[in-house]
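# Architecture at a glance
Residues per chain, in single letters:
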Amino acid sequence: MSNTSLFHTMKLLNKFKDIRPICRRGKVMTATFSKTKLSNAPCVPFHTSTCLAEDKISLNFVDRKGETTVVKAAPYDTILDVVIDNDLDIESFGVCEGTLGCSTCHVVLEDKTFNFLEESCPPTAEEFDMLDLACGLTETSRLGCQVEITKDMEGCTIKVPKEAIDARDF
């Protein structure tokens, strides 16, 4: 792809509010343009959807200690993003940074929320494989890094199991 066509593609993508840099293993690559070339530079992990979201969604998080915290979330963020953005102190939650490499972001959803997500955002085979290694598995368990927040989740309760097992240890 030439720099010119890449420039036009990036310009078009920048018009959408929910575009986020891809974060893998703690590094985000962003594209910057000079007059003649595109350069990639590593930067601090971040995403812009929280800053750009117009309508926030209220969620209730129940942590490992049983304490409930009400947080605001941007549509299309994952549950993992919400935990990070709201500085929720949940020990070892999402240590693989959403790469489906562990099961530490295991959450238990309400029946209504789980059933809605089964249709709109069904779990993948990889998610099922990681859930098999999770501690405290229930019928409504999901991995927080795989669940995107939608307006239909307004007011839902998300429970974090009392224990977590890092599947990378197996």
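Now for a description of the structure that goes with this document.

Rules of the game
Residues numbered from 1 in each chain as written. Predicted model: local features only at pLDDT ≥ 70, side-chain atom pairs only at ≥ 80, totals over all residues. Heavy atoms only, no water. Helix = DSSP H or I, 4+ residues; strand = E, 2+ residues; numbered from the N terminus. Polar contact = N/O pair within 3.5 Å; in protein donor to acceptor, adjacent residues only side chain to side chain. Contact = heavy atoms within 4.5 Å. Pairing = 2+ DSSP bridges. Axes fitted to C-alpha atoms, helices over the stretch in contact; angles between N-to-C directions. Buried < 20%, exposed > 50% of the residue type's maximum accessible area, 1.4 Å probe, protein only.

### Examining the side chain of serine 141
- Its location among the elements puts serine 141 in strand E7 (residues 141–143).
- Within the structure, the side chain of serine 141 is placed 2.7 Å from the side chain of histidine 106, a separation counted as a polar contact.
- Within the local environment of serine 141, its side chain forms a polar contact with the backbone nitrogen of threonine 138, the two atoms lying 2.8 Å apart.
- Not counting chain neighbours up to four residues away, the residues in contact with serine 141 comprise His106, Val107, Val108, Phe114, Leu131 and Gly136.

### A look at the sheet that holds strand E6 (residues 106–109)
- Strand order in the open sheet formed by 5 strands is E5-E4-E8-E6-E7, with mixed pairing between adjacent strands. Edge positions in the open sheet fall to strand E5 (68–73) and E7, since each of these has one partner strand only. On average, each strand axis in the sheet is tilted by 35° relative to the strand beside it, whichever way the strands run.
- Across 2 bridges, the pairing between E6 and strand E8 (residues 157–159) is antiparallel. By the bridge assignment for E8, leucine 109 is matched with isoleucine 158.
- Those strands touched by helix H4 (residues 111–120) are E6 and E7, and its axis lies near 110° from that of E6.

### A look at unusual backbone geometry
- Despite not being glycine, tyrosine 76 has its phi angle at roughly 80°, a positive value.
- In this structure, tyrosine 76 sits in the loop between E5 and helix H3 (79–85).
- With a relative accessible area of 47%, tyrosine 76 lands in the partly exposed category.
- Of note in the backbone geometry, leucine 100 takes a positive phi value of approximately 60° without being a glycine.
- As for its placement among the helices and strands, leucine 100 is situated in the loop between H3 and E6.
- Classification of leucine 100 as partly exposed rests on a relative accessible area of 21%.

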